[in-house]
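# Geometric and topological summary
Here are the chains, one letter per residue:
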Amino acid sequence: MASLIEIRDCIALNGRADARLISHQLNMPEPLVQAMLERLTLMGKLQEVDVEDCLTGSCKSCPEATACQTKLYQLR
């Protein structure tokens, strides 16, 4: 099982990541990853990224933008 440090390192390598990506890369259950992300956020190690501020801007024109509610995280 991955540690909080491995979760943080995974985000550092990706720049920004969501629970689904980390779950896939570290082969962990997504609810566990989400709990660990929330813990790292409370500890001040990560911050949530507003999806509307994504680099490509594609979320604004995506028909699923209001339904997806994906939380992205990046290092603080």
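Above this text sits the structure in question.
Here's a quick rundown of the structure. It should be emphasised that the depicted structure is a prediction, and the values quoted were computed from it without experimental measurement.

The subject of this paragraph is the overall build of the protein. Helix and strand counts for the protein come out as five helices and two strands. Listing every helix and strand of the protein by position from the N terminus yields α-α-α-β-α-α-β. In the protein, which comprises 76 residues, the proportion classed as buried is 28%. Restricting the contact set of the protein to residue pairs at least 6 apart, pairs at least 24 apart contribute 66%. About 5200 Å² of surface is accessible on the protein, with carbon and sulfur atoms providing 52% of the total.

The next point concerns the nonpolar core. Soluble globular proteins tend to pack their nonpolar side chains together in the buried interior. Among the nonpolar cores identified, the biggest contains 14 residues, and Ile-7, Ile-11, Ile-22, Met-28, Val-33, Leu-37 and Leu-46 are the most heavily contacted of them. For this core, the secondary structure elements donating two or more residues are helix 1 (4-14), helix 2 (19-26) and helix 3 (30-42). The element best represented in this core is helix 3, accounting for four residues. For Leu-37, the contacting residues outside a window of four places in its chain are Ile-7, Ile-11, Ala-19, Ile-22, Leu-46 and Tyr-73.

As a further point, take helix 1. Looking at helix 1, one finds that the buried residues are Ile-7, Cys-10 and Ile-11. The arc that holds the buried residues of helix 1, viewed along the axis, is 95°, so those residues lie on one side. Check the buried side of helix 1 and you find it contacts helix 2, helix 3, strand 1 (46-49) and strand 2 (72-75). The first or second residue beyond helix 1 is Gly-15, which carries a positive phi of 85°.

Calculation rules
Residues numbered from 1 in each chain as written. Predicted model: local features only at pLDDT ≥ 70, side-chain atom pairs only at ≥ 80, totals over all residues. Heavy atoms only, no water. Helix = DSSP H or I, 4+ residues; strand = E, 2+ residues; numbered from the N terminus. Buried < 20%, exposed > 50% of the residue type's maximum accessible area, 1.4 Å probe, protein only. Contact = heavy atoms within 4.5 Å. Areas by Shrake-Rupley, 256 points an atom, 1.4 Å probe, with all protein chains shown as cover. Core = buried A, V, L, I, M, F, W, Y, C linked by side-chain atoms within 4.5 Å. Arc of directions from axis to C-beta.

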